[in-house]
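# Breakdown of the fold
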Amino acid sequence: MKTIVVLTGAGISAESGISTFRDDNGLWRQYRFEEVASPEAWARDPQLVMDFYNMRRKQLLEVSPNPAHYALSELEKKFRVRIITQNVDDLHERAGSTEILHLHGEIRKARSTVDEDLVYDIKGWELKLGDLCEKGSQLRPHVVWFGEPVPHIMKATGIIRSAEIIIVIGTSLKVYPAAGLLQYAPSSAVKYLIDPKAMPEYHVRNLHLIREKASVGVPDLVRELSSEIAK
Ligand code: OAD
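Predicted, not measured: the structure shown is a model, and the values here were computed from it. (Residues numbered from 1 in each chain as written. Predicted model: local features only at pLDDT ≥ 70, side-chain atom pairs only at ≥ 80, totals over all residues. Heavy atoms only, no water.)

Looking now at the overall build of the protein chain. Across its full length, the protein chain carries nine helices and nine strands. Overall, the protein chain is about 60 × 35 × 30 Å in size when its C-alpha atoms are taken along their principal axes. Counting the 231 residues in the protein chain, one finds 49% classified as buried. As displayed, the protein chain has an accessible area near 11,600 Å², and 50% of this comes from carbon and sulfur atoms. (Helix = DSSP H or I, 4+ residues; strand = E, 2+ residues; numbered from the N terminus. Buried < 20%, exposed > 50% of the residue type's maximum accessible area, 1.4 Å probe, protein only. Areas by Shrake-Rupley, 256 points an atom, 1.4 Å probe, with all protein chains shown as cover.)

Structure below.
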């Protein structure tokens, strides 16, 4: 089976009703990330940080995967599909995809503030000050904040190197190190960028721009790739 690597960003979940970050109504137009998504914010005002992630977790529980998420799970019938997502939502999982690496963490999980290997599922939407890990320390959202290392970046680099086809969906490619992953892509791999505002990435060879919303562009491309393999 050929390997397709998919790199997703907030745009793939936009049509499920989850805000992106940098579009006109994006989260970083409403909040300063330094105040809600950084270690300094957590030290200064942990309740504000908790509220921010609780609000987003609550919203996530109210929405569903959209046709783009489902099309990627369908693609597994014909290809090995390895998803690297910058999203902290679980919409790829809920759509049925099986190989997913969360570069920026998972909002429905909590982790210990003294031992990063202690990770727990959050029941419902709320994580509270006073919720403790088994070592007695405060739990925090299991997400990567600005200024923190991205633990899985080396693994993601290895995954990108394994690609025969790459599909990038709904990301502004502004946040490093995720934005730099494409430079590790084999030059022979065919690459597709699906985003209504897709721009040429001049350093990336073999790149096809698909200026569509994910719910249209992804199912169309999945159909095309699946029918090619059937020929
Ligand atoms: P951005 O908000 O930076 O970019 C979203 C992209 O999605 C833009 O290029 C939009 O054009 C595109 N888009 C919007 N609607 C779409 C649709 N219906 N279909 C397809 N594309 C659409 O979000 P990311 O690139 O994911 O990190 O942001 C990267 C990281 O920045 C996030 O993971 C988050 C944020 O700060 C952390 O919190 C660590």
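There's more to say after this.
Most peptide bonds are trans, and most residues other than glycine sit at a negative phi. The omega torsion across Y176 and P177 is 10 degrees, close enough to zero to call that bond cis. Mapped onto the fold, P177 is located in the loop between strand 7 (165-169) and strand 8 (190-194). Its identity as a non-glycine residue notwithstanding, L173 has a phi of 50 degrees, on the positive side. The phi torsion at N206 lies on the positive side, around 65 degrees, for a residue other than glycine. Relative to the assigned elements, N206 resides in the loop between strand 8 and strand 9 (207-210). Judged by relative accessible area, which is 40%, N206 ranks as partly exposed.

The next thing to look at is the sheet that holds strand 8. Read across the open sheet, the six strands follow the order 3-2-1-7-8-9; overall the sheet is parallel. The strands lining the two open edges of the sheet, one partner per strand, are strand 3 (100-102) and strand 9. Recorded for the sheet is a direction-independent mean angle of 15 degrees between the axes of neighbouring strands. Here six bridges tie strand 1 (residues 3-8) to strand 2 (residues 80-85), and the two strands are oriented parallel to one another. (Pairing = 2+ DSSP bridges. Axes fitted to C-alpha atoms, helices over the stretch in contact; angles between N-to-C directions.)

Moving on to helix 6 (residues 67-74). Buried within helix 6 are the following residues: A68, H69, A71, L72 and S73. For helix 6, the N-terminal cap is N66; the gap from its side-chain oxygen to the backbone nitrogen of A68 is 2.8 Å. (Polar contact = N/O pair within 3.5 Å; in protein donor to acceptor, adjacent residues only side chain to side chain.)

What follows concerns the nonpolar core. Judged by nonpolar contacts, the single largest core of 24 residues is most densely connected at Y53 and W145. For this core, the secondary-structure elements that each account for two or more residues are helix 2 (27-30), helix 4 (39-44), helix 5 (46-61), strand 4 (105-112) and strand 6 (139-143). Two domains share this core, each providing at least three of its residues, namely domain 1 (1-18 + 65-104 + 149-231) and domain 2 (19-62 + 106-143). Among all residues touching W145, those that are not within four sequence positions of it are V36, A37, S38, P39, W42, V49, Y53 and R140. Grouped together as the second largest cluster of nonpolar side chains are 23 residues, I160, I166, A189 and A198 included. (Core = buried A, V, L, I, M, F, W, Y, C linked by side-chain atoms within 4.5 Å. Domains from an automatic or database assignment. Contact = heavy atoms within 4.5 Å.)

Looking at the protein chain, the domain boundaries give domain 1 (1-18 + 65-104 + 149-231) and domain 2 (19-62 + 106-143). Averaged C-alpha coordinates put domain 1 and domain 2 at centres separated by 25 Å. Contact residues are listed per partner, giving 17 residues for domain 1 and 12 residues for domain 2. Carbon and sulfur atoms make up 57% of the area that domain 1 and domain 2 hide from each other, which totals about 1,100 Å². It is A10, I18 and V88 that lose the most area in domain 1 upon contact with domain 2, and together they represent 41% of the buried surface on that side. Across the domain 1-domain 2 interface, the total number found is two salt bridges. For D90, the salt bridge identified is with R108, shortest N-O distance 2.7 Å. Inspection of the domain 1/domain 2 interface yields five residue pairs in polar contact (both at pLDDT 80 or more). Of all the secondary-structure elements, those providing two or more residues to the side of domain 1 that touches domain 2 are helix 1 (11-14) and helix 7 (91-95). The greatest single-element share of the side of domain 1 that touches domain 2, amounting to three residues, is contributed by helix 7. (Buried area = accessible area lost by both parts, 1.4 Å probe. Salt bridge = Lys/Arg side-chain N within 4 Å of Asp/Glu carboxyl O.)

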